[in-house]
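# Observations on the three-dimensional arrangement
Okay, here's what each chain looks like letter by letter:
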Amino acid sequence: MNVFTALIGGRPGMITGTTPFIGIALAELVQNNGVEYVYYAVMFAGLLQFVFGLLGLGALMRFVPYPVVQGFSNAMALYIVAAQFRFGKVAPDKTFLNEFQGRNLLEAGHSWSHITDGNTSWITGSHLNILAIHTCVAFAICLGLPKLTRIIPSSFVALVVCTFVEHVFIRTPFTFRSATIEDYVTVKTPTLMPIWLDENITLPSFNLDTFRKTYLYGLAVFGTGLCESLLATHIVDELTEIKGSKNRVAIGQGIANIVASIFGGMGGSGSIAQSLVANHSDGITNLSTFLTGVFVLLFVYAAYGMVNIIPLGAIAGIMAWAAFQLVDWESILQAISTLLPLCLRDRLNLDCKTPRADSLIMLAVMAFTLCLDLSIGLLSGVLIATFVYVWDSSTRVIVEREVHSEEISNVTYNVTGPLFFATAEGFSDIFPLEEIQFDPDEVVINLEGAEVYDYSGMVALKKVYDRFADLGKVVALSSISLTSRRLMEKTAYMWQGVNFLEVEEGDQQTIDQSTVTRDYK
């Protein structure tokens with residue numbers, strides 16, 4: 001997948017691969033129908049991703065608030081750390097089916113279920129101690145080596161050092177040992193040929209029944225993979241300060257998933273942890289992504305024996321360092337500041353408080369991502385942010401009543417704020433009949449500081465206008481913005497007979513039916 005995303009032109013420096021969220025999305029399909037149906041589901045997901053990018057829908061990422069990105073970063077960091085605790089248990093048989101057997105698409109607490117699982121026991125004694133030592137050494141190398149030199153990737157040095165220490169200084173002179181990749185799962189050389197030519201794969205017929213069995217899981221892979229890829233792209237953009245094309249990422253991921261499924265792969269998405277490791281090793285170009293794919297192929301087909309002897313502690317240490325780099329520490333401090341009263345913030349010199357709603361959004365995304373699913377977390381964050389914005393905007397309509405002392409027969413209502421569905425009812429309630437009936441005969445509704453955004457806002461404005469007109473008063477709408485006017489022109493029938501006051505700068509606001517008012521047609 002890395003080879004194809006690099007060649008097609010995905011996000012430079014973003015590493016692609018199979019992620020736990022993709023495995024979760026496909027687990028129930030494998031359990032109910034068999035692994036052969038996975039390929040069709042991934043093909044369908046890749047096709048949807050390709051169409052998504054082709055239609056330019058990557059622009060929808062602009063609706064994702066920054067607290068959602070912060071929550072995603074923190075949740076993925078915690079998820080990565082929790083995943084490393086798998087290595088602290090007696091190594092089970094982790095085939096694809098056994099890894100997620102019985103796992104529903106939405107299941108609370110699956111991120112840490114392997115920690116609380118009582119069916120498997122924790123390793124003890126020297127095995128656990130050596131595992132912990134490898135983890136600490138790898139973490140320290142990844143953290144400290146870049147401060148000395150960046151010529152050699154620190155993660156690669158950590159793997160070499162831990163593997164060398166394990167097999168030369170621990171296993172050779174002593175009987176002690178720690179678990180390696182081979183003890184957890186053996187890396188085998190797969191057959192690189194299309195699934196239709198592979199005799200080991202019995203593909204179901206591609207018909208309507210097969211589509212009914214796979215399309216929901218394809219949609220799950222599409223949504224989960226796309227969300228993770230686009231959020232990973234956003235984070236890599238922040239790291240490199242170079243903006244990537246969201247649409248190109250979607251197109252590249254889609255084609256890569258289609259090709260991967262054709263050759264018997266289970267697809268994938270942008271991997272934020274691997275991308276973080278690559279970027280901290282100055283892998284910020286498409287060449288880095290391409291070489292990642294090439295070296296993975298090389299090691300799987302020619303040097304898989306070297307992969308099998310790597311200690312699991314080294315992997316855990318590198319991933320723990322990636323999680324440490326992924327955490328948005330400023331957001332954690334902001335959330336703490338939000339919960340503290342002003343006196344404590346002043347005493348602790350915390351001047352980084354953000355609105356409580358933003359901290360709530362970040363924490364909600366973290367909780368939903370860890371407890372349920374990435375796409376659920378992203379959607380919940382966007383929905384909460386949307387609700388908060390709408391609620392906040394609904395309180396920003398201000399109407400000031402101005403009566404000219406020299407001309408008692410004229411009253412002006414200066415409206416400021418957005419007129420849309422959330423403010424429509426409140427705007428109408430500002431003009432009750434029992435109060436406006438005592439207004440002068442000439443009324444001007446000045447909309448210079450207001451903006452009409454939707455049909456609900458237009459209906460509320462027209463309702464207020466009619467309320468004055470039914471009382472026999474001469475009403476006019478004044479100083480409508482250009483964008484509001486364009487929107488209102490699309491429903492011209494609604495404004496037939498309505499007076500619009502065109503006011504030149506410096507002129508006095510008066511109503512003269514013969515000169516300055518006109519019907520809105």
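Basis of the calculations
- By convention here, each chain's residues receive numbers from 1 onward along its written sequence.
- Per-residue local features of the predicted model are confined to residues with pLDDT of at least 70, and side-chain atom pairs are confined, for both listing and counting, to 80 or more; whole-chain, interface and lining totals are unaffected and use all residues.
- Note: side-chain values were computed over all heavy atoms of the structure, leaving out hydrogens and water.
- Secondary structure follows DSSP: runs of H or I at least 4 residues long count as helices, runs of E at least 2 residues long count as strands, and numbering of each begins at the N terminus.
- Using a 1.4 Å probe on the protein chains alone, a residue whose accessible area is under 20% of its type maximum counts as buried, one over 50% counts as exposed, and one in between counts as partly exposed.
- Contacts between residues were defined by any pair of non-hydrogen atoms, one from each residue, lying within 4.5 Å.
- Here, Shrake-Rupley sampling with a 1.4 Å probe gives the accessible areas, and only protein chains in the shown set may cover a residue.
- Only the contacting stretch of a helix is used when fitting its axis, a line to C-alpha atoms as for every element, and angles between N-to-C directions run 0 to 180 degrees.
- When describing relative orientation, an angle under 35 degrees is termed roughly parallel and one over 145 degrees roughly antiparallel, while 65 to 115 degrees is termed roughly perpendicular and anything else oblique.
- Rotating anticlockwise by less than a right angle from the far helix to the near helix defines a left-handed crossing, while the corresponding clockwise rotation defines a right-handed one.
- Following the grouping adopted for this structure description, the nonpolar residues are Ala, Val, Leu, Ile, Met, Phe, Trp, Tyr, Cys and Pro, the charged ones are Asp, Glu, Lys and Arg, and the polar ones are all others, Gly among them.
- Side-chain atoms within 4.5 Å are what join buried Ala, Val, Leu, Ile, Met, Phe, Trp, Tyr and Cys residues into a set we call a nonpolar core.
- Note on pairing: DSSP must find at least two bridges between two strands before they are called paired.
- Across the chain, each position has a pLDDT score giving the predictor's confidence in that residue, from 0 to 100.
- In summary, the pairing rule links any two rings of Phe, Tyr or Trp, Trp by its six-membered ring, whose centres are within 6.5 Å, and it sorts them by plane angle into stacked for under 30 degrees, edge-to-face for over 60 and tilted for everything else.
- Here is how to tell: hold the view so the strands point away, follow the path from the first strand over the helix to the second, and if it runs clockwise the crossover is right-handed.
- Residues with no salt bridge and a relative accessible area higher than 30% make up the patches, which join like charges within 9 Å and nonpolar side chains (Val, Leu, Ile, Met, Phe, Trp, Tyr) within 5 Å.
- Whenever Lys or Arg places a side-chain nitrogen within 4 Å of a carboxyl oxygen from Asp or Glu, that contact is recorded as a salt bridge.
- Given the number of residues in a helix, its expected span is that number minus one, multiplied by 1.5 Å.
- Count a disulfide wherever a pair of cysteine sulfur atoms falls within 2.5 Å.

### Structural notes on the overall build of the chain
For the chain, the count of helices and strands is 23 helices and 7 strands. In the chain, which comprises 521 residues, the proportion classed as buried is 46%. Sequence separation of at least 24 residues holds for 79% of the intrachain contacts in the chain that already meet a minimum separation of 6. A total of about 26100 Å² of accessible surface is found on the chain, and carbon and sulfur atoms cover 62% of it.

### Quick word on the packing of helix α8 (residues 154-170) against helix α15 (residues 312-326)
Contact geometry of α8 with α15 gives a least axis separation of 9 Å together with a crossing angle of 155 degrees. With respect to α15, the axis of α8 lies roughly antiparallel. α15 is crossed by α8, and the crossing has right-handed handedness. Across from Ser155, Ala158, Leu159 and Cys162 in α8, the residues of α15 making contact are Ala314, Ile315 and Ile318. The residue inventory of the contact of α8 with α15, partitioned by class, reads 6 nonpolar, 1 polar and no charged.

### Quick notes on the nonpolar core
By size, the foremost hydrophobic cluster in this structure holds 65 residues, and its most contacted members are Leu26, Leu29, Val64, Leu231 and Leu326. Per-element tally for this core: the top contributor is helix α10 (residues 208-240), with 10 residues. Dropping the residues within four chain positions of it, Val64 is found in contact with Val69, Leu231, Leu378 and Val382. Ranked by size, the runner-up nonpolar core spans 28 residues in total, among them Ala424, Ile436, Val452 and Tyr465.

### Some thoughts on the sheet that holds strand β4 (residues 410-419)
Sheet architecture is open: 5 strands sit in the order β3-β4-β5-β6-β7, paired in mixed fashion. Edge positions in the sheet fall to β3 (398-403) and β7 (500-501), since each of these pairs with one other strand and no more. The pairing of β4 with strand β5 (residues 442-452) spans 9 bridges and is parallel. Note that in β5 the partner of Asn410 across the bridge is Glu442. Relative to the sheet, helix α22 (residues 455-470) contacts β4, β5 and β6 (474-478), its axis offset from that of β5 by approximately 170 degrees.

### A word on the side chain of Gln334
Mapped onto the elements, Gln334 comes out in helix α16 (residues 329-339). For Gln334, the contacting residues outside a window of four places in its chain are Gln70, Cys352, Thr354 and Ser359.

### Some thoughts on the packing of α10 against helix α12 (residues 272-279)
Between α10 and α12, the least distance of the axes is 10 Å, while the angle of their chain directions is 15 degrees. Our classification of the angle between α10 and α12 gives roughly parallel. Between α10 and α12 lies a crossing of right-handed hand. Where α10 approaches α12, its residues Ala232, Ile235, Val236, Leu239 and Thr240 are matched on the opposing element by Ile272, Ser275, Leu276 and Asn279.

### Topic: the confidence of the model for the chain
A residue-level look at the chain finds 89% of positions with pLDDT of 70 or above and a mean pLDDT of 83. Contacts for the low-pLDDT stretch residues 92-97, under 50 throughout, to residues beyond four places or in other chains number 12 contacts. Across residues 99-103 the pLDDT falls below 50, and counting only partners more than four positions away or on other chains, this stretch makes 16 contacts in the model.

### Focus on the packing of aromatic side chains
A complete count under the given rule lists 14 aromatic pairs for this structure. The interplanar angle of 55 degrees and the centroid separation of 5.6 Å between the aromatic rings of Phe324 and Trp329 together place this pair among those described as tilted. When the ring of Phe427 is compared with that of Phe431, the centres are 5.4 Å apart and the planes differ by 70 degrees; the resulting orientation is edge-to-face. Both residues of the pair, Phe427 and Phe431, belong to the buried class. Aromatic rings pair up to connect Tyr413, Phe427, Phe431 and Phe468 into one cluster.

### Some thoughts on the pairing of β6
Counting buried positions over the 5 residues of β6 gives 4, a clear majority of the element. Regarding the hand of the β-α-β motif, the stretch spanning β5, α22 and β6 is right-handed. Across 2 bridges, the pairing between β6 and β7 is parallel. Across the sheet, Ser478 pairs through a bridge with Leu501, a residue of β7. The parallel pair β6 and β7 is bridged by helix α23 (residues 482-489), and the resulting crossover is right-handed.

### Brief notes about a nonpolar patch on the surface
A surface patch of nonpolar side chains, about 610 Å² in accessible area, is lined by Leu287, Leu291, Val294, Phe295, Leu298, Phe299 and Met306. In terms of residue count, helix α13 (residues 286-302) provides more of the nonpolar patch than any other element does, 6 residues in total. Along the chain, Leu287 turns up in helix α13.

### Considerations on helix α4 (residues 66-84)
Since the α-helix packs 3.6 residues into each turn, any two residues three or four apart lie on the same face. With 19 residues, α4 should reach 27 Å at 1.5 Å per residue; the first-to-last C-alpha distance of 28 Å fits that figure. Across the 19 residues of α4, 16 count as buried, placing the element largely inside the fold.

### With respect to the state of the cysteines
Two cysteines whose sulfur atoms are joined by a covalent bond form what is called a disulfide. Under the criterion given, the structure shown has 0 disulfides. Free cysteine Cys136: the closest other cysteine sulfur is in Cys162, separated by 10.0 Å. Cysteine Cys162 remains unbridged, with the sulfur of Cys142 as its closest cysteine sulfur at 8.6 Å. Taking relative accessible area as the criterion, Cys162 reaches 2% and is therefore assigned buried.

### Structural notes on helix α18 (residues 356-371)
The first and last C-alpha atoms of α18 sit 22 Å apart over 16 residues, in line with the 22 Å expected at 1.5 Å per residue. Those residues of α18 not exposed but buried are Ser359, Ile361, Met362, Ala364, Val365, Met366, Thr369 and Leu370. Elements that come into contact with the buried residues of α18 comprise α2 (20-33), α4, α16 and α19 (374-393).

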